[in-house]
Amino acid sequence: MPYKFLVDTHHNLCIKCKGCMAICKNYNKTPKGVNRIQVVTINEGKPGQLNIPLMCLHCNDPPCMKVCPMKAIYKREDGIVLVDKDKCIGCGYCAFACPFGAPQFPEGGAFGSKGKMDKCTYCVLPYEPERDENGNVIYRDPVPRCALICPCETILAGEMEEITRKLRERLGALTASKIESLFLF
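All chains use their own residue numbering, which begins from 1 and follows the written sequence. Residue-level local features of this predicted model are given only where pLDDT is at least 70; pairs of side-chain atoms are given and counted only at 80 or more, and the full residue set underlies all totals for whole chains, interfaces and linings. Note that water and hydrogens are dropped before the side-chain values are worked out from all heavy atoms of the structure.

**Student:** Go over the nonpolar core, please, and point to the residues and values.
**Tutor:** Within soluble globular proteins, side chains that are nonpolar tend to cluster in buried spots. Counting 22 residues, the largest nonpolar core has F5, C20, I37, M55, C146 and I155 as its most contacted members. Listed by contribution, the elements that provide at least two residues to this core are α1 (19–28), β2 (37–42) and α4 (145–149). Put simply, DSSP H or I for four residues or longer makes a helix, DSSP E for two residues or longer makes a strand, and each gets a number counted from the N terminus. Per element, the largest residue contribution to this core is three residues, and it comes from α1. Throughout, a contact is declared for two residues whenever any of their heavy atoms are within 4.5 Å. Those residues in contact with C20 that lie beyond four places of it in its chain are I37, V39, C146, I149 and I155. Among buried residues, the Ala, Val, Leu, Ile, Met, Phe, Trp, Tyr and Cys ones that are joined through side-chain atoms within 4.5 Å form a nonpolar core. When accessible area is computed with a 1.4 Å probe and restricted to protein chains, residues below 20% of their type maximum are described as buried, those above 50% as exposed, and intermediate ones as partly exposed. One finds I73, V81, V83 and F105 within the second-largest nonpolar core, a separate group that totals 10 residues.

As structure tokens, this is what we get:
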């Protein structure tokens, strides 16, 4: 069953506390300028303002993976999309291909001088991967800290079937309450 993120912009609205950004940066020890998750605001200060946490959504068919000339971006069997920093040349093609702004680079600059690409790893890999005594990468359990800390439960993370069911329940309750309020006089 693939792991995914869903962002509930209908029921539990993000309050832009940026706790998700802070815990991600702290837990994964990302360098200054690299944000694996960002909170984007639409219609700021106006009626209908909407804060949306954006991170790598670990796409079913990742466009970033398709354009990587070094095949540094790969998808695990569980659906988590990762980057092999030993293969990354920092060309930035992935950043152009991703509609969510997930690929991040520690440095600005021209082709190849941006540094190694970094993005959300669903908390299975820190910025600098840990290795065992044989040099194999050690993966942590897939438990995204951003979803754990979100006070509004805007960020849903887990197995796709489970979080889709949870979102459908929320939307069903929201729709029922709106319909009910139409008939209250």
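**Student:** Pulling in residues and values, what's your account of a nonpolar patch on the surface?
**Tutor:** Without a salt bridge and with relative accessible area above 30%, a residue can belong to a patch; like charges are then joined within 9 Å and nonpolar side chains (Val, Leu, Ile, Met, Phe, Trp, Tyr) within 5 Å. Using the Shrake-Rupley algorithm and a 1.4 Å probe, accessible areas are obtained, with residue cover drawn only from the displayed protein chains. Basic side-chain nitrogens of Lys or Arg form a salt bridge, by our definition, when they fall within 4 Å of a carboxyl oxygen of Asp or Glu. There is a patch of nonpolar side chains on the surface, built from V67, Y93 and F96 and spanning about 340 Å² of accessible area. Looking at where Y93 falls in the secondary structure, it is placed in helix α3 (residues 93–97).

**Student:** With reference to specific residues and values, describe the packing of aromatic side chains.
**Tutor:** Side-chain rings of Phe, Tyr and Trp (the six-membered ring for Trp) are treated as a pair once their centres are within 6.5 Å; stacked means planes under 30 degrees apart, edge-to-face means over 60, and tilted covers the remaining angles. Tallied over the full model, the rule gives two aromatic pairs. On the numbers, 5.6 Å between centres and 50° between planes, the contact of Y3 with Y122 is tilted. Of this pair, Y3 sits in strand β1 (residues 3–7) while Y122 sits in the loop between α3 and α4; the two residues are 119 residues apart in sequence, bridging distant segments of the chain. Summarising the aromatic geometry, the rings of F5 and Y122 are spaced 4.9 Å apart at their centres and angled 50° between planes, so their arrangement reads as tilted. Placement of F5 in strand β1 and of Y122 in the loop between α3 and α4 is noted, with a sequence separation of 117 residues between them.

**Student:** Outline the pattern of salt bridges, supporting the account with residue identities and numerical values.
**Tutor:** In the structure shown here, the tally under the stated rule is nine salt bridges. With its nearest N and O atoms 2.9 Å apart, the salt bridge here joins K66 to D61. The class for K66 is exposed, based on a relative accessible area of 55%. The class of D61 is partly exposed, set by a relative accessible area of 49%. What you see here is one network of salt bridges that share partners, running through D8, E153 and R170.

**Student:** Any details on unusual backbone geometry? Residues and values, ideally.
**Tutor:** Among all residues except glycine, the phi angle is most often negative; among peptide bonds, the trans geometry is most common. One non-glycine residue, K16, lies in the positive phi region at around 60°. Structurally, K16 is set in the loop between β1 and α1. With a relative accessible area of 28%, K16 lands in the partly exposed category. The phi angle at K29 is positive, at roughly 55°, despite the residue not being glycine. Mapped onto the elements of the fold, K29 is located in the loop between α1 and β2.

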